[in-house]
Amino acid sequence: MKFLREFLSYTSSLPRLAIWAVGTFLFLGIFAPWLTPHDPNAQNLLQAHLGPSFAHWLGTDHVGRDTLSRLILSARTSVVGMTLVLVLALSVGVTIGTVAGYRRGWVEEGLMRIVDVGLAMPSLIVALAVIGIFGTGYWNMILALALAWWPGSARISRAVAVNVMNRPHIESLRVLGASPARIYFHHLLPATLGAVLVYATADAGAVALAIATLSFLGLGIQPPTPEWGQMLVDALPYLESSPRQVILPGLALTLAVIGFNLLGESIALNRVPTPLSRKILRQRRITAAAWKKA
Amino acid sequence: MSSTKSVLRVENLVTRFKSVERGKWVKAVDGVSIELRPGEIVGLVGESGCGKSTLGRSIVGLERPQSGRILLDDIDLSGLGGRKLRETRRAIQYVFQDPYASLNDRQTIGEAITEALVIIGIHDRTRQRRRVHELLDQVGLPDTVAERYPRELSGGQRQRVAIARSLAVEPRVLICDEPVSALDLSIRSQVMNLFLTLQKDLGVACLFIAHDLALVRQAASRVYVMYLGKIVEQGTSLDVYERPTHPYTRALLASIPSADPRIEATREVPALLGDIPSPTNPPSGCRFRTRCPSAVEACAVAEPPTVWVGPGHGAACIFAAQIRATEVVPQPEPQRLPQQLSA
Amino acid sequence: MASKEILRVSDLCVDLFTQRSVIRPVDGVSYSVAAGETLAIVGESGSGKTVLNFAPLGLMPTGVNVDLSGSILFNDTELVGIAEPALRKLRGGSIGTIFQDPMSALNPARTIGRQIAEVSELHMGLSSSQAESRALDLLKLVRMSDPDARLKQYPHELSGGLRQRVMIAIAVAAEPQLLIADEPTTALDVTVQAQIIALLKDLQKRLNMAIVLITHDMGVVAGIASRVAVMYAGRVAEYGPVGDVLVEPRHPYTMGLIDAIPRADDAPGSLFRGLPGAPPILGAPIPGCAFAPRCHAAIESCHITRPALVSTVQPLVSAACPIINKHNHGGAYVQH
Ligand SMILES: Nc1ncnc2c1ncn2[C@@H]1O[C@H](COP(=O)(O)OP(=O)(O)O)[C@@H](O)[C@H]1O
Ligand SMILES: Nc1ncnc2c1ncn2[C@@H]1O[C@H](COP(=O)(O)OP(=O)(O)O)[C@@H](O)[C@H]1O
Ligand code: SF4
Ligand SMILES: [Mg+2]
Ligand SMILES: [Mg+2]
C-alpha cells in the first residue's frame with residue numbers, strides 16, 4: 001500500500017504524455033492476447049483493404065487481417081523483444097561496469113578498453129554485422145541487439161559504480177573491514193542497478209526502434225508474427241490507396257519511442273524542482289492564513 | 001608519558017596523486033611520521049589542502065601510500081594482505097566529516113550497526129540486538145533511533161550513529177576527520193564531549209583532524225601542525241599553543257578570530273598573506289618560505305630538519321631555536337623578499 | 001550614528017510554500033543598517049538567515065513560493081510587493097550579494113574577467129572595452145595578486161579564497177550601497193578568512209557601503225560588525241551593538257552560544273561547555289519562545305506566550321526574553 005502510494009505520487013510528477021504512451025504500450029504488450037478483437041493472423045482476401053467499420057475499427061490490410069489486432073499484438077512483440085534485449089545487455093553491461101568500478105586499476109583499464117571499442121561502433125552496424133554472420137532469426141536478432149547495447153550500459157554502470165565506491169558510506173564499510181563480496185553484492189550492485197535502470201528507460205525506446213528497423217529490413221521479426229516495422233513494409237506498396245496502413249504502425253512506434261525518451265529524460269531530471277501548481281499553492285496559503293489569526 | 005608504547009606509528013609516509021598537470025604528481029603527504037599512544041587524543045591541524053585527510057585516509061587504507069610504514073601495535077600493516085589485513089586494520093576506524101554521506105540512506109540505523117556486527121562475526125540475533133542497544137546508549141542516543149533512517153535524524157545524531165557504528169568493531173584508534181565541522185555551534189560541544197568521554201571510558205586513541213584550532217587545543221593532549229604535506233611543528237597542546245615555535249604555527253594561531261570585539265579591535269593586518277601554494281610544485285627548501293615573514297635565502301636551499309626545542313616539542317624551521325629562546329620572530333632584511341627567491 | 005539609514009526591515013515574515021509543506025522560516029524580524037555600517041546576522045544553520053535576506057530579493061530556488069509580509073525599506077523604496085523588473089535592477093546594482101559557495105555562483109565556462117565586466121556593462125552601461133578595464137581595476141581593488149593574468153582564468157583554476165575575492169569584485173562592481181554577504185568565509189581557512197574580512201572592511205570604508213553579513217562565527221562578528229542580530233528559529237533573540245551583545249549577552253541563547261566558545265584558559269582535556277538539546281525543525285510558528293525547551297532559565301509563560309523583543313538595561317540592546325529585565329545584569333550564565 002505504502003509502496004503503491006509512493007509510486008503513484010512519484011509518477012504524478014512525470015509528464016502525462018510519457019506516462020500514457022509508455023503505460024499503454026506496456027499494458028498492450030502484456031495483455032495483448034486477451035485484447036485483440038480478431039485473430040491477428042486470420043487472412044480473408046474478400047475483406048482486404050477495408051476502411052474502418054464496426055467490425056474492424058481500424059480497417060483491414062492487403063490480405064484482410066484486422067489492423068487493430070495486429071497493432072496490439074505488435075506491441076507485445078516489441079515489449080518482449082525489448083525486454084529480452086535489455087535484460088541481456090544490462091546483465092553483461094552492469095556486471096562488467098561494476099567489476100571495473102569496484103576493482104579499478106588494470107582490471108578497469110582492460111575492461112573499459114573493450115567497452116570503448118564496442119562504443120565506437122554504431123549499434124545498428126554491430127547488429128547488422130552479427131545478423132550477417134549468424135543469419136536472420138528471432139534469437140539472432142535479440143542477441144545482435146544485446147551485443148550492440150551492452151557497451152553503453154557498461155560505461156554508465158562503471159561511472160555510477162565509481163561514484164558509489166567513492167561515497168563515504170562504502171568507504172566506511174571498507175574501513176570496517178567488510179569483505180569484497182559484501183560490499184559488491186549488498187551495496188554496490190543494488191545502488192548501481194537502481195541508477196542504471198533509469199538510463200535503461202531512455203534506451204528502451206531506442207531498442208524498440210531498432211527492432212522495428214531490423215524487421216523493416218527483413219532481418220528481424222519474421223512474418224507472420226505481427227510487428228510494426230513489418231506492418232510498414234507490408235503496407236508500403238499500397239501507400240497511395242490506403243495510407244492509413246502505413247501511418248498507423250508508424251504512429252504507434254513513434255509514440256512508444258517518444259514516450260520512453262520523455263520518461264527517461266524526466267526521471268533523470270526529476271531532481272529539478274517544478275513550480276508549484278495552483279491547487280497546492282492555494283492549500284498552502286490556507287494553512288498559512290490560519291497561522292496569522294492565531 | 002614517553003615510556004608508554006604507541007598504539008599507532010606512522011613512519012615516513014608518502015602518498016601521492018596524479019596531478020591535473022599531465023605527468024606530474026601531487027605529493028599530498030610527503031614523508032610524515034606521527035605517533036599515537038593508547039587513549040590519547042592527538043590533534044592534526046593545518047589549512048585545507050595541506051594533506052590532513054589524505055594522511056588519515058592512508059592510515060585506514062582508503063588511499064594507497066607510495067612508501068612509508070604504518071605500524072599498529074608494532075605490526076607493520078604493509079606486510080599483511082587480503083583478509084588478514086582487513087581484520088587487523090579494523091582496529092583503526094574513521095569518522096567522516098559528513099555524517100549523512102557515511103551512512104547508507106536505505107538502511108535503518110539498526111541495520112547499519114548490525115551490519116558492522118555481522119562483519120566481525122556476530123550472527124546471533126539477540127546478541128546483535130543487545131549490542132546495538134549498548135552502542136546507541138554509549139553515544140547517548142535512545143533505543144528508538146534504531147528503527148529510523150538517516151534522513152530522519154539531525155546532523156548531530158547522525159554523527160553519533162556513525163561513531164556508534166565504528167565502535168561496534170571495538171577499535172583501538174579513531175581517526176576523526178573534521179567530525180564536527182558540519183555541525184551546528186550548539187551541537188558541537190555535545191559531540192566533542194562524546195569523544196572525550198569515549199576516550200576516557202574505552203581508552204580509544206583518537207587522531208583528531210580539524211582546522212578549528214581552538215577546538216583542538218581543548219580536546220587534544222598533543223598536536224601536529226601540517227603544512228603542504230609535511231609536519232612542521234609538533235608537541236603537547238600547551239607547548240604548541242603557548243609557545244609556538246614554527247612561524248607557520250604562529251601565523252595560524254594569530255589568525256584565529258576572537259569572539260571578543262575588544263580584542264578584534266586591536267587586530268591590524270592579517271597574520272598570513274596569500275594562499276597555500278600548489279602541492280604539485282611545492283617551493284624548494286622550506287615549503288612555508290613563500291609566505292613566511294622570517295624567510296631568508298637559506299630557507300630556499302635545503303629543507304629545514306625538525307629541531308627539538310623541548311621534550312617532544314619540535315619545529316621544522318632553521319630559526320626554531322632562536323624563536324624559542326627569544327620569543328621574537330626574526331625579521332628578514334628588506335631586499336631579500338621571498339617572492340624574488342621563488343623565481 | 002548620524003549616517004544615512006540604508007535599509008530598514010520591520011516585522012518581516014516570510015512564508016515558504018513547497019511541494020511538501022508550508023514553513024515560516026522568518027517570523028517577525030526587524031533591524032536596520034546605515035551607510036558605512038556592518039550588521040551581522042548570526043544563527044545556527046536553518047535559523048532563517050539566508051531566507052531572511054534573499055527571499056525578499058527574489059533569490060529563491062524554483063519550486064518554492066514566497067509570501068512576504070511586513071516591510072523592507074531600501075532607501076525609501078518598499079521591497080515587499082515590488083515588481084520583479086525593479087527588483088532585478090536593484091540586484092547587482094545598488095544591492096550587491098555574495099554567497100557562501102562562490103563556485104556555484106560563478107559560471108564555470110567563462111573567464112572571470114568576462115564575468116566581472118558583464119556586471120559593469122549591465123548596471124553601469126559601460127561599453128565592453130570600458131568594462132574590461134574596469135574589471136582589471138576591480139581585481140586590483142580586491143587585492144588579487146597578478147590581476148592581468150587572473151582576468152583570463154576560469155573559476156576552477158582559482159583557490160577558494162581567490163574565488164571569494166572574485167565574487168566580492170562582482171558584488172561591488174556597480175558600487176552598491178548595500179552589500180549582503182551570506183557566510184562569505186565559512187568555507188575558508190582562518191588565515192584566508194582574516195584576509196577576506198580585512199578586504200571587506202577596507203572596501204566598506206572606500207565605498208561607504210552598508211554591509212549585512214550573515215555568519216555563524218562569533219569571531220567574524222567581533223572582527224567586522226558594529227551591530228549584531230542573533231537569530232534563533234526564525235526570530236531575533238537579541239539585537240544590539242556588538243560590544244554589548246558579545247561581551248555581556250542578555251538572552252539565554254546568546255549567553256549559551258558565547259559561553260560554548262572554547263577559551264584560552266580552558267584546560268586541555270576538560271569538557272566543552274554548550275547548550276543541551278537541538279534547535280527545532282521549522283514549520284508552523286512556535287507558540288512560546290522557540291528556545292524554551294533548551295533554556296535553563298525558562299519559566300512557565302515562556303512555553304505559552306511568545307516573548308517580545310524589548311530593550312534591556314542597556315538601552316541599545318533588545319532581547320526577546322521575559323526574564324531578562326528581572327536580572328539586574330545578565331552576564332552571569334553559571335552552569336558548572
Ligand atoms: N583523490 C585525489 N586525487 C587527486 N588529488 C587529490 C586527491 N585527494 C586529495 N588530493 C590533493 O591532495 C592535497 C591534500 O588534500 P587533503 O588531504 O584533502 O587535504 P586536507 O584534508 O588537509 O584539506 C590537495 O592538494 C588535494 O587537491
Ligand atoms: N528551498 C527551500 N525549500 C524548502 N525549505 C527551505 C528552502 N530554503 C530554506 N528552507 C527552510 O527555511 C529554513 C531557513 O533556512 P535558511 O534561511 O537557509 O537558514 P540559514 O541560512 O540560517 O542556515 C530552513 O529550516 C529550511 O527548512
Ligand atoms: S625555515 Fe625559513 S621560511 Fe621556513 S618557517 Fe623557518 S624562517 Fe620561515
Ligand atoms: Mg580534509
Ligand atoms: Mg544559509
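Residues numbered from 1 in each chain as written. Chains lettered and ligands numbered in written order. Predicted model: local features only at pLDDT ≥ 70, side-chain atom pairs only at ≥ 80, totals over all residues. Heavy atoms only, no water.

Novice: Just checking my understanding: could you explain the overall build of chain B for this structure?
Specialist: The number of helices and strands found in chain B is 13 helices and 12 strands. For a compact globule of 343 residues, the expected C-alpha radius of gyration is about 20 Å, and chain B comes in at 22 Å, within 12% of that figure. Its C-alpha atoms give chain B principal-axis dimensions of about 75 × 50 × 45 Å. Taking all 343 residues of chain B together, the buried fraction comes to 57%. (Helix = DSSP H or I, 4+ residues; strand = E, 2+ residues; numbered from the N terminus. Rg over C-alpha atoms; globule rule 2.2 N^0.38 Å. Buried < 20%, exposed > 50% of the residue type's maximum accessible area, 1.4 Å probe, protein only.)

Novice: Please clarify how the interface of chain C and chain A should be interpreted in this entry.
Specialist: It is common to give the size of an interface as the accessible area that goes away when the parts come together. Between chain C and chain A, the contact holds 16 residues from the first and 12 residues from the second. Taking both sides of the interface into account, the surface hidden between chain C and chain A amounts to around 1,200 Å²; carbon and sulfur atoms contribute 57%. A per-residue breakdown of the area chain C buries against chain A is headed by Phe17, Gln19 and Val22 of chain C, which together make up 39% of the total. The residue Arg285 of chain A makes a salt bridge to Asp67 of chain C at a minimum N-O spacing of 2.9 Å. If you look at where chain C meets chain A, you find 2 residue pairs in polar contact (both at pLDDT 80 or more). Taken together, the elements giving at least two residues each to the side of chain C that touches chain A come down to β1 (5-17), β2 (22-34) and β4 (65-74) of chain C. The greatest single-element share of the side of chain C that touches chain A, amounting to 3 residues, is contributed by β2 of chain C. (Contact = heavy atoms within 4.5 Å. Buried area = accessible area lost by both parts, 1.4 Å probe. Salt bridge = Lys/Arg side-chain N within 4 Å of Asp/Glu carboxyl O. Polar contact = N/O pair within 3.5 Å; in protein donor to acceptor, adjacent residues only side chain to side chain.)

Novice: How do you make sense of unusual backbone geometry when you look at a structure like this?
Specialist: Most peptide bonds take the trans form, and the phi angle of most residues other than glycine is negative. Phi is positive for Glu178 of chain B, which is not a glycine, with a value near 45°. Inspection of the secondary structure puts Glu178 of chain B in the loop between β7 (173-177) and α6 (185-202). A relative accessible area of 9% means that Glu178 of chain B is categorised as buried. One non-glycine residue with positive phi stands out, namely Glu183 of chain C, at about 45°.

Novice: Looking at this structure, how should I read the UniProt feature "domain: ABC transporter" (unreviewed entry) in chain B?
Specialist: This chain's UniProt record puts "domain: ABC transporter" (unreviewed entry) on residues 8-253 of chain B. When the span residues 8-253 of chain B is considered, its composition is 38% helix and 26% strand, and the gap between its end C-alpha atoms is 28 Å. (UniProt positions renumbered as here; feature names shortened; annotations may be inferred.)

Novice: Even after reading the chapter, I still don't get the sheet that holds strand β8 (residues 205-210) of chain B, so can you show me in this structure?
Specialist: Two strands in a sheet stick together by hydrogen bonds in their backbones, pointing the same way (parallel) or opposite ways (antiparallel). All names here are of chain B. Across the sheet, 8 strands lie side by side as β6-β7-β8-β3-β9-β10-β12-β11; this open sheet has mixed pairing. Edge positions in the sheet fall to β6 (92-95) and β11 (307-310), since each of these pairs with one other strand and no more. Neighbouring strand axes in the sheet, compared pairwise and without regard to direction, differ in orientation by 20° on average. In the sheet, β7 pairs with β8 via 5 bridges, with the strands oriented parallel. Looking at β8, one finds that Asp177 is bridged to Ile209. Of the strands in this sheet, β3 (41-45), β7 and β8 are in contact with α6, which crosses β3 at around 140°. (Pairing = 2+ DSSP bridges. Axes fitted to C-alpha atoms, helices over the stretch in contact; angles between N-to-C directions.)

Novice: Looking at this structure, how should I read the confidence of the model for chain B?
Specialist: Residues shown with low pLDDT carry predicted positions that ought not to be read at fine detail. Looking at chain B as a whole, its pLDDT mean stands at 88, while 94% of the residues score no less than 70. With pLDDT under 50 throughout, residues 332-343 of chain B is counted as low confidence; its partners more than four residues away or in other chains account for 16 contacts. (pLDDT = per-residue confidence, 0-100.)

Novice: Teacher, can you tell me more about the pairing of β7 of chain B here?
Specialist: Regular strands place side chains that alternate from one sheet face to the opposite one. Most of β7 of chain B sits inside the fold, with 5 of its 5 residues counted as buried. Handedness of the β7 of chain B-α6 of chain B-β8 of chain B crossover: right-handed. (Right-handed = clockwise from strand over helix to strand, strands pointing away.)

Novice: Looking at this structure, how should I read the site of ligand 3?
Specialist: In the region of ligand 3, 13 residues are neighbours, and Cys286, Cys292, Cys299, Cys317 and Phe319 of chain B sit closest. Its residues assigned to classes, the shell around ligand 3 comprises 10 nonpolar, 2 polar and 1 charged. (Near = heavy atom within 4 Å. Nonpolar A, V, L, I, M, F, W, Y, C, P; charged D, E, K, R; others polar.)

Novice: Help me out: how do you make sense of the confidence of the model for chain C in this one?
Specialist: Residues and elements named next belong to chain C. Across chain C, the average pLDDT comes to 88, with 96% of residues at or above 70. Here residues 328-336 is a poorly scored stretch, pLDDT under 50, and it has 18 contacts once near neighbours within four places are set aside; other chains count. On the interface metric, ipTM, the complex scores 0.84, and its pTM is 0.84.

Novice: Is there a simple way to explain the side chain of Ser120 of chain C in this structure?
Specialist: Note that Ser120 of chain C resides in helix α4 (residues 112-124). Under the relative-accessibility criterion, Ser120 of chain C is labelled buried at 0%.

Novice: Would you explain the site of ligand 1 in this entry?
Specialist: All names here are of chain B. Lining the immediate environment of ligand 1, one finds Phe17, Ala28, Glu47, Ser48, Gly49, Cys50, Gly51, Lys52, Ser53, Thr54 and Pro279. Gly49 places a main-chain nitrogen or oxygen 2.6 Å from an oxygen atom of ligand 1. Residue Ser53 places a side-chain N or O atom 2.6 Å away from an oxygen atom belonging to ligand 1. Among the elements that line the shell around ligand 1, the one with the most residues is helix α1 (residues 52-60), at 3 residues. For the shell around ligand 1, the per-class residue count stands at 4 nonpolar, 5 polar and 2 charged.

Novice: Whenever I open this one, the interface of chain B and chain C confuses me. Can you help?
Specialist: Taken together, the contact pairs 38 residues of chain B with 45 residues of chain C. Overall, the association of chain B and chain C removes approximately 3,200 Å² of surface from exposure, summing both partners, and the carbon and sulfur fraction of that is 57%. On inspection of chain B and its partner chain C, the count reaches 0 salt bridges. One can count 16 residue pairs in polar contact (both at pLDDT 80 or more) joining chain B with chain C. Elements with a minimum of two residues in the side of chain B that touches chain C: α6, α7 (213-219), α9 (247-255) and α10 (261-264) of chain B. With 10 residues, α6 of chain B is the largest single contributor of residues to the side of chain B that touches chain C. Classifying every residue of the side of chain B that touches chain C by side-chain character gives 17 nonpolar, 11 polar and 10 charged.

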